[in-house]
Amino acid sequence: MTILTFLRDNARWLSAGMLLTFLSSFGQTYFISIFAGEIREVFQISHGQWGGIYAVGTSASAAVMVWAGGLTDHFRVRSLGVVFLVMLAGACLSMALNPVWWLLPVIIFCLRFTGQGMTTHIALVAMSRWFIATRGKALSIASLGFALGQAVLPLVFVGLMVIYDWRLLWGVAALLTVCGVPLLLMLLRTERTPHSLARSDQSLGMQALHWTRNQTFRHPLFWFMVPALLGPGAFNTAFFFHQVHFAETKQMTHVELVTMFPFYIMVGIVSMVLSGWAVDKVGTARLIPWFQLPMVAAFIIFAYADNYSTILLGFFFLAVTTGANSILPNSFWAEFFGTRHLGSIKAMAAAVMVLGSAIGPGITGVGIDLGIGIELQYLWVAAFFVFTTFMMWVGVAQFRSDLDTEYVV
């Protein structure tokens, strides 16, 4: 099947995945963080306090994700998608209208749970379940919504903040999310996999089994993967969460830093597409142990960079892993543990990732308040990604022989 034929035959379902991943942007750190300066100023909170609030709200969303993610094993995408888009719009409106600091943890919880958590989860589980031989392609195309959101929304909204009040812009985010509801319903008038056929149209995992969430949780491979699940969520999130502080440290304006985002997104898109192609060709097992190594280079460069071009090089390496991270972990769960209980399994993995996105900003924010420079912290982050790579290599090497998969090309 050529790529054009694949796109033509599956445009409706791939577009639904892209729509959900794009709208998840309003609950993602790269969007929320552009308002960090205004939020801290209005509510008179420090870097550490803002990081703590973010950590509490995000940690709570991770806990709820363990349960809520399993809903994708029982309900249609069109039903769940609509519910969580409406909830995400409500969360955006709450941020626009919030008058007091002590409601911030609740609002962050709602944004992270509905946006980063469930809207993303619904889209990626659907792609992993609906497509088997072309799973990599489907995930890479649906994940273009992330790239589009990250490329366009920060630049547009940072520019609009020069003219409009930041609260009004959260109202705009709520309106855009609501507009996605009828579009999703139109795209998914017919779902790719009818519910009645869901049990027969599945791919098997290790030892030719459909692994349950409890079995996956008890398997050693899950625990070998935990540091790698935490890493990008924690420190990619921390980087964008503290982007205003990072720009100040490097003696550049926030707008100058944001102008690098389109380059970062372009490289991420290329990495994402190539990762999807590689997954379909050679399988996840050969690729996943190594995909976080570019993060090592990225954070070392961010620690020492002293000019625009060098920071741009750091964004290049960051984007390589970010693009691959949209594909490889999602394909990993389907490939190693099967798709029958994929929603519940991936919900558990997503909860770990979301927990990481809570820990990262919290730790780095406290570090900043304690006088530990962000540049020194980034050297420690680079060392952490060396550790995650080692853990993935050991885990996958030990259990790869349990796979019994032939890759269709």
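Above this text sits the structure in question.
Note that the structure is predicted; figures quoted are calculated from it, not measured. Along each chain, the written sequence defines residue order, and numbers are assigned to residues from 1. Where local features are concerned, this predicted model is filtered to residues with pLDDT of at least 70; where side-chain atom pairs are given and counted, the filter is 80 or more; whole-chain, interface and lining totals use all residues. Side-chain figures throughout are based on the complete set of non-hydrogen atoms in the structure, without hydrogens or water.

**Topic: the packing of helix α14 (residues 261-282) against helix α17 (residues 308-325)**
- Structural elements are reduced to axes, namely lines fitted to C-alpha atoms, with helices fitted over the stretch in contact, and the angle between N-to-C directions of any two is expressed from 0 to 180 degrees. Numbered from the N terminus, helices here are DSSP runs of H or I no shorter than four residues, and strands are runs of E no shorter than two. With their axes 7 Å apart at the nearest point, α14 and α17 run at an angle of 35° to one another. The crossing of α14 and α17 is right-handed. Side by side, α14 and α17 meet where Phe261, Phe263, Tyr264, Val267, Gly268, Ser271, Met272 and Ser275 of the first sit next to Leu312, Phe315, Phe316, Leu318, Ala319, Val320, Thr322, Gly323 and Ala324 of the second. Note on convention: the crossing is left-handed when the near helix lies turned anticlockwise from the far helix by less than a right angle, right-handed when the turn is clockwise. For this analysis, residues touch if any pair of their heavy atoms sits within 4.5 Å.

**Thoughts on empty space enclosed by the protein**
- Definitions used for this entry: grid spacing 1 Å over protein atoms alone; cavity, a set of points where a 1.4 Å probe fits but cannot get out; pocket, an open set with protein on both sides within 12 Å along at least 5 of 7 lines; lining residue, one with an atom within 4 Å of a point. Grid points are joined across faces, edges and corners, and a volume is the space filled by probe spheres set on the points. In the structure shown here, the tally under the stated rule is two cavities of 30 Å³ or more.
- Within this model, the largest cavity holds a volume of roughly 800 Å³.
- At the level of elements, α2 (29-32), α6 (104-130), α8 (144-161), α11 (220-241), α14, α17, α18 (328-337) and α19 (342-369) are the ones that each hand at least two residues to the lining of the largest cavity.
- Broken down by element, the residue count for the lining of the largest cavity peaks at eight residues, all from α11.
- Here the nonpolar group is Ala, Val, Leu, Ile, Met, Phe, Trp, Tyr, Cys and Pro; Asp, Glu, Lys and Arg are the charged ones; every other residue, Gly included, is treated as polar. In the lining of the largest cavity, the residues fall into 20 nonpolar, 18 polar and two charged.
- Of the pockets and cavities examined, the second largest cavity occupies roughly 60 Å³.
- Ala36, Arg40, His47, Trp50, Phe241, His242, Gln243, Val244 and His245 are the residues that line the second largest cavity.
- Looking at the lining of the second largest cavity, the elements that each hand over two or more residues are α3 (36-43), α4 (47-68) and α12 (243-249).

**Here's the deal with the nonpolar core**
- Formed by 133 residues in total, the largest nonpolar core has its most connected members in Trp170, Phe299 and Phe315.
- Ranked by residue count, the leading element in this core is α6, at 12 residues.
- The contacts of Phe315, once residues within four sequence positions are left out, are Phe239, Phe240, Leu257, Met260, Phe261, Tyr264 and Phe302. Think of a nonpolar core as a cluster: buried Ala, Val, Leu, Ile, Met, Phe, Trp, Tyr and Cys residues, connected wherever their side-chain atoms sit within 4.5 Å. Think of it in three bands: with a 1.4 Å probe and only protein chains considered, a residue is buried below 20% of the maximum accessible area for its type, exposed above 50%, and partly exposed in between.

**Structural notes on α3**
- Regarding α3, the residues found buried are Ala36, Ile39, Arg40 and Phe43. Projected down its long axis, α3 shows its buried positions confined to an angular sector of 95°, all on one face.
- The secondary structure elements touched by the buried residues of α3 are α2, α4, α5 (77-97), α6, α9 (166-187) and α11.
- At the C-terminal side of α3, Gln44 shows a positive phi close to 55°. When we speak of the arc, we mean the arc of directions from the helix axis to the C-beta atoms.

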